[in-house]
Each structure stands twice: as structure tokens, then as C-alpha cells.
Amino acid sequence: MRRFDCMQALAPMITDQLVVTNVARTGFEWRMASQREGNLYTMGMGLVTPVVLGLALSLPHRGVIALDGDGSILLNLGALATVGNCAPANFVSVIFDNASYASTGGLPTATSGRTNLVEIAKGAGISNAVGVSTIQEFTAAATAALAGNGPWVIVAKVVAEKPPVQPKLMDGRENKYRFVRYIEQTEGRIILKPSIVGREDR
Amino acid sequence: MKQSDAEHIGTALANAGFNFAATLPATQIHTLQAWLATSPKFTSVPVTNEGEGVAICAGAWLAGKMPVIVLETSGILVSTYALMRCHATFGIPILMLSTYRGGLGDQEWYAVHTGAVLPRLLESLRIPCKVVQSVDDVAATFVDARRTMDASLHPVSIVMDVRLTDRE
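The written sequence of each chain sets the order in which its residues are numbered from 1. Lettering for chains starts from A, numbering for ligands starts from 1, and both go in the order in which the items are written. In view of the model being predicted, local features appear only for residues whose pLDDT reaches at least 70, and side-chain atom pairs are presented and counted only at 80 or more, with totals across whole chains, interfaces and linings using the full set of residues. Each side-chain value is worked out from all heavy atoms of the structure, with water and hydrogens disregarded.

### Description of helix H6 (residues 112-124) of chain B
Residue and element names in this part refer to chain B. Between the first and last C-alpha of H6 there are 19 Å, a value that for 13 residues agrees with the 18 Å anticipated at 1.5 Å per step. What we call the bend at a residue is the angle made by axes fitted to the seven residues finishing there and the seven residues starting there. Secondary structure follows DSSP: runs of H or I at least 4 residues long count as helices, runs of E at least 2 residues long count as strands, and numbering of each begins at the N terminus. Its maximal kink placed at Leu118, H6 deviates by approximately 40°, while the proline Pro119 follows within four residues. When H6 is considered as a whole, its buried residues turn out to be Thr114, Gly115, Leu118, Leu121 and Leu122. Along its buried surface, H6 packs onto helix H4 (73-78), helix H5 (80-90), strand S5 (129-132) and strand S6 (156-160). Following H6 by one or two positions, Arg126 has its phi on the positive side, about 60°. Take the number of residues in a helix, subtract one, and multiply by 1.5 Å to get its expected span. Throughout this description, buried means an accessible area under 20% of the type-specific maximum (1.4 Å probe, protein chains only), exposed means over 50%, and partly exposed covers the range between. Two residues qualify as a contact provided that any one of their heavy atoms is within 4.5 Å of a heavy atom in the partner residue.

Next up, the structure:
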């Protein structure tokens, strides 16, 4: 199974969910599969899942999705324990597990050995943790996860590859502004307050 | 920290607009962290390390919350990667309300070096910092911090001196 095939299956399921992606090709590929203002690309290694947890706890009525990777989540496994204990029903994490640091030379991650991320997630208290290895399994798991009753962790076993990608032509700051403006518009709240002049909520 | 000081500081945080807190227990401020955990004015998240905590706060800010992480001095060292790779890179603010282990007057041998590097560490991270020594100063300082956070979209640090955290 290829990561991009999973993304192409996931993209049509997205409505108003907020999506945060891992670094490198995960972000590039998701932008190729789904261009929308509710995407925040290229969050740092180990930071995707906790950032999405913060979104989930702050917008409990809204679906949020982490597109994470095995190397990234292994950098910050404690985040899964916090997800398990906070247990937000609107939280979905897809961990694309290619058992390697594919974007930085292809050396193996711990999941190429004895480490099992599904069992780690379950042990962290996330009962809806599933492993998938075919597009049919991925589509079924994603459909169930987007229906709610989270938190969900879907560990998608994918091949290690570096497919050609299109350039994003947008840095993280522009992406952040557009993402926040999208939340402001869809949630009816003001987040950016660069000046107090004229404000009553000083 | 005295219970009455914890309640005063927690209330001042809420009055300044803060409403989301990440915490990892620390000796000098556990009363404040416990107060935040039960206050209806805060969404409070107990975390497993401070780097995770500041990243959770980043997500909360993106969603419209005003986040604070309440942490011990060494937690600032733990959180530096997340502060730079997430907050500084994307332009996301957070208030870091910390102790000052190893500050002048703290007689704990294991904290000395952490305290010695803290000012220059924050300076090198380009994080503005104010050290507060009196509980009477926190309310105005929290308002100042929020305004700077809104304007700079960058982390802000308030360090509580041992005269505040350790007074009986």
C-alpha cells in the first residue's frame, strides 16, 4: 500500500475537519491530494499529534486529523498517553508507518524491528487503535474514525518511497495565517489581534 | 507555593484572558497546577513532557484559546525544540509560566546550572522574559504578556522567583 493512495482515499471524506500533517513528503502528498484552507502542513517531527490534540480539546465539536509518521510519533510517544487519557472523541491520527526515515536517507525506524505502534497506542489507552495494510482496510477504518467515537489511531503500513511531488510555494507562516483565518471564519471567533487600537476586548 | 498565592495567580491568569493550561507537576508550583486542573475557567491538560505540552498549547491557540504552560525551570530546556520548530517557525504564541530553580537564593545543588543558563537560554530563543518576585505583580504582568503574545505571535516567558514560589 502506498501513502498517496491512502490520501486519495481519505481526501473525498473530508468536510470541515482540520488536518495537520507531518514533515517532508507527507505534507507535499496531502497537498496534492487535498488543497484546502483547513490543512496545516509540515508540522515538526514529534509535534503533529500533540498539536492536533490541542485542536481537538479546544474545538470538541469538530473533527481533527493528524497525518503522522512512524518516525515522528516515535520521537514523542508520551503524546499517545495524553491522547489516551484526555480521550477526545473528535481526534483521529493516521500514522503512516513505512518502517523507515524515508525522507532523510531511508534508515530503519524501530517499527522495522520489534516495535508495534498499534499495541503502543492501545497500551496508552486508545482502544480504537487499528492496523491496516490494504486500501480497503484503510478506507473502512477511516470511514469509521471520521464517524466519531474517538480517539482513533490508524496505523497504515505503507511502502517506503520518495515519489516526485509538486512544490508547495507557501511557507509555514502563510499556511498558519490561512489556517487560522479559516478557523475564524468557520467558528465565528477572532483569534488574531495584532493591535489594541479600537478594540473593546483590550 | 502557598495555596492562597496559587489561587491568586490562577485567578489573575484567567482575568488576563488565559483559558488553556498544560501542566507537568513541579515541586514549587504544584498547588497552582492543581488549582488549574479543577478550575472551570481553564481547559487543563496534564502532559508527559514539556515539549509535548507546548505543542498541545500551539494547537489550542490555533483554535482560539489563550494558552499557558506552567512548568519548572528544567522544563524550558526540555521544550526548546518544540518552541523553535513549532511556535517560532509558524508564529504561534504561548505563555511559559515557570519557576526559577537555581535562581539566586535557591539552595538546591542540582538546580544551580539550569538556573545559571536560563536567562541566556531565553535570550537566545528570542523569548522576552520578566522575572516576578511578588504575587502583587502577577496580574499586571499577565496582561502585559498577553498583549505581547497577541502582537508578536511568539512565546513569552514569566519566571517566578524563589521569593514568590518558596515563601511560607
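### Quick look at the packing of aromatic side chains
Pairing of aromatic side chains here covers Phe, Tyr and the six-membered ring of Trp, requires ring centres within 6.5 Å, and sorts the geometry by plane angle: under 30 degrees stacked, over 60 edge-to-face, intermediate tilted. Here the structure, examined in full by the defined rule, presents two aromatic pairs over all chains. Ring centres of Trp35 of chain B and Phe42 of chain B lie 6.4 Å apart, and the angle between their planes is 70°; on these two criteria the pair is classed as edge-to-face. Should the NZ of a Lys or the CZ of an Arg lie within 6 Å of a ring centre and within 35 degrees of the ring normal, that charge is described as sitting over the ring. We note Lys176 of chain A situated over the ring of Tyr177 of chain A; from NZ or CZ to the ring centre the distance is 4.4 Å.

### Let's talk about the nonpolar core
Nine residue types can take part in a nonpolar core, namely buried Ala, Val, Leu, Ile, Met, Phe, Trp, Tyr and Cys, and a core is a set of them joined through side-chain atoms within 4.5 Å. Ranked by internal contacts, the top residues of the largest apolar core, which has 66 residues, are Met43 and Leu55 of chain A together with Leu62 of chain B. Here this core gets eight residues from one element, more than from any other, and that element is helix H3 (residues 50-62) of chain B. When near neighbours in sequence (up to four residues on either side) are disregarded, Met43 of chain A contacts Val20, Thr21, Asn22, Val23, Val48 and Val51 of chain A together with Arg85, Cys86 and Phe90 of chain B. Core analysis: the next-biggest nonpolar cluster, separate from the first, contains 30 residues, Ala12, Phe18, Ala21 and Val132 of chain B among them.

### A closer look at helix H8 (residues 172-187) of chain A
Counted at 1.5 Å a residue, the expected span for H8 of chain A with its 16 residues is 22 Å, and the 22 Å between its end C-alpha atoms agrees. Within the sequence span of H8 of chain A, burial applies to Asn175, Lys176, Phe179, Val180, Tyr182, Ile183 and Glu184 of chain A. Against the buried residues of H8 of chain A lie strand S1 (18-21), strand S2 (39-40) and helix H3 (48-58) of chain A together with H3 and H5 of chain B. Within 3.5 Å is the distance limit for a polar contact, defined as a pair of N or O atoms, with the added protein rule that one can donate a hydrogen and the other accept it, and that residues adjacent in sequence qualify only through two side-chain atoms. Of the residues that open H8 of chain A, the one with a side-chain oxygen 3.1 Å from the backbone nitrogen of Arg173 of chain A is Asp171 of chain A. After H8 of chain A finishes, the residue Gly188 of chain A shows a positive phi value of roughly 65°.

### Let's talk about the packing of H3 of chain A against H3 of chain B
Contact geometry of H3 of chain A with H3 of chain B gives a least axis separation of 6 Å together with a crossing angle of 45°. In this view, H3 of chain A runs oblique relative to H3 of chain B, as classed from their interaxial angle. Once H3 of chain A is placed against H3 of chain B, the crossing between them reads as right-handed. On H3 of chain B, the residues touching Pro50, Val51, Leu53, Gly54, Leu55 and Ser58 of chain A of H3 of chain A are Glu52, Ala55, Ile56, Ala58, Gly59, Ala60 and Leu62 of chain B. Ten residue types, Ala, Val, Leu, Ile, Met, Phe, Trp, Tyr, Cys and Pro, are classed as nonpolar, four, Asp, Glu, Lys and Arg, as charged, and the remainder, Gly among them, as polar. Looking at the contact of H3 of chain A with H3 of chain B residue by residue, the classes come out as nine nonpolar, three polar and one charged. Axes here refer to lines fitted to C-alpha atoms; in helices the fit is confined to the stretch in contact. Angles between the N-to-C directions go from 0 to 180 degrees. Comment on the angle field: the value is read as roughly parallel under 35 degrees, roughly antiparallel over 145, roughly perpendicular from 65 to 115, and oblique elsewhere. Take the far helix as your reference; a near helix turned counterclockwise from it by less than a right angle gives a left-handed crossing, and one turned clockwise gives a right-handed crossing.

### A closer look at the pattern of salt bridges
Residue and element names in this part refer to chain A. For this document, the term salt bridge refers to a Lys or Arg side-chain nitrogen within 4 Å of an Asp or Glu carboxyl oxygen. Within this structure, the stated rule accounts for eleven salt bridges over all chains. Between Arg2 and Glu161 there is a salt bridge whose closest N-O contact spans 3.1 Å. One end of the pair, Arg2, is in the segment before helix H1 (3-10); the other, Glu161, is in the loop between strand S8 (152-157) and H8, with 159 residues separating them in the sequence. Owing to a relative accessible area of 23%, Glu161 belongs among the partly exposed residues under this scheme.

### As for the side chain of Arg146 of chain B
All names here are of chain B. Among the secondary structure elements, Arg146 is positioned in helix H7 (residues 138-152). By relative accessible area, Arg146 is classed as buried at 11%. There is a polar contact of 2.5 Å between the side chain of Arg146 and the backbone oxygen of Ala16.

### Details of the sheet that holds strand S1 (residues 20-23) of chain B
All names here are of chain B. Here, any two strands with at least 2 DSSP bridges between them count as paired. If you walk across this open sheet you meet the six strands as S2-S1-S3-S4-S6-S5, and the pairing is parallel. For this open sheet the edge positions go to strand S2 (43-46) and S5, each flanked by a neighbour on one side alone. Strand-to-strand twist in this sheet, taken as the mean axis angle between neighbours without regard to direction, amounts to 20°.

### With respect to the environment of Met66 of chain B
Residue and element names in this part refer to chain B. Here Met66 is to be found in the loop between H3 and strand S3 (67-71). In this structure the C-alpha to C-alpha distance between Met66 and Gly17, which are 49 residues apart in sequence, comes to 6.7 Å. The residues touching Met66, leaving out its near neighbours within four places in the chain, are Gly17, Phe18, Asn19, Phe20, Arg146, Met149 and Asp150.

### Structural notes on the layout of surface pockets
Residues and elements named next belong to chain A. Using protein atoms alone on a 1 Å grid, points that fit a 1.4 Å probe yet trap it form a cavity, whereas open point sets bounded by protein on both sides within 12 Å along at least five of seven lines form a pocket; residues with an atom within 4 Å of a point count as lining. Grid points are joined across faces, edges and corners, and a volume is the space filled by probe spheres set on the points. Counted as a void, the largest pocket has a volume near 240 Å³. Residue lining of the largest pocket: 18 residues in total, with Asn22, Met45, Tyr101, Ala102 and Ser103 positioned closest to the centre. Of all the secondary structure elements, the ones that give two or more residues to the lining of the largest pocket are helix H2 (25-33), helix H4 (70-74) and strand S5 (100-101). Ranked by residues supplied to the lining of the largest pocket, first place goes to H4 with three residues. Here the residues of the lining of the largest pocket sort into six nonpolar, nine polar and three charged.

### Topic: the sheet that holds S2 of chain A
As summarised here, the arrangement of the six strands in space is S2-S1-S3-S4-S8-S7 (chain A), forming an open sheet in which the pairing is parallel. Both edges of this open sheet fall to S2 and strand S7 (128-132) of chain A, since each of them pairs with a single strand only.

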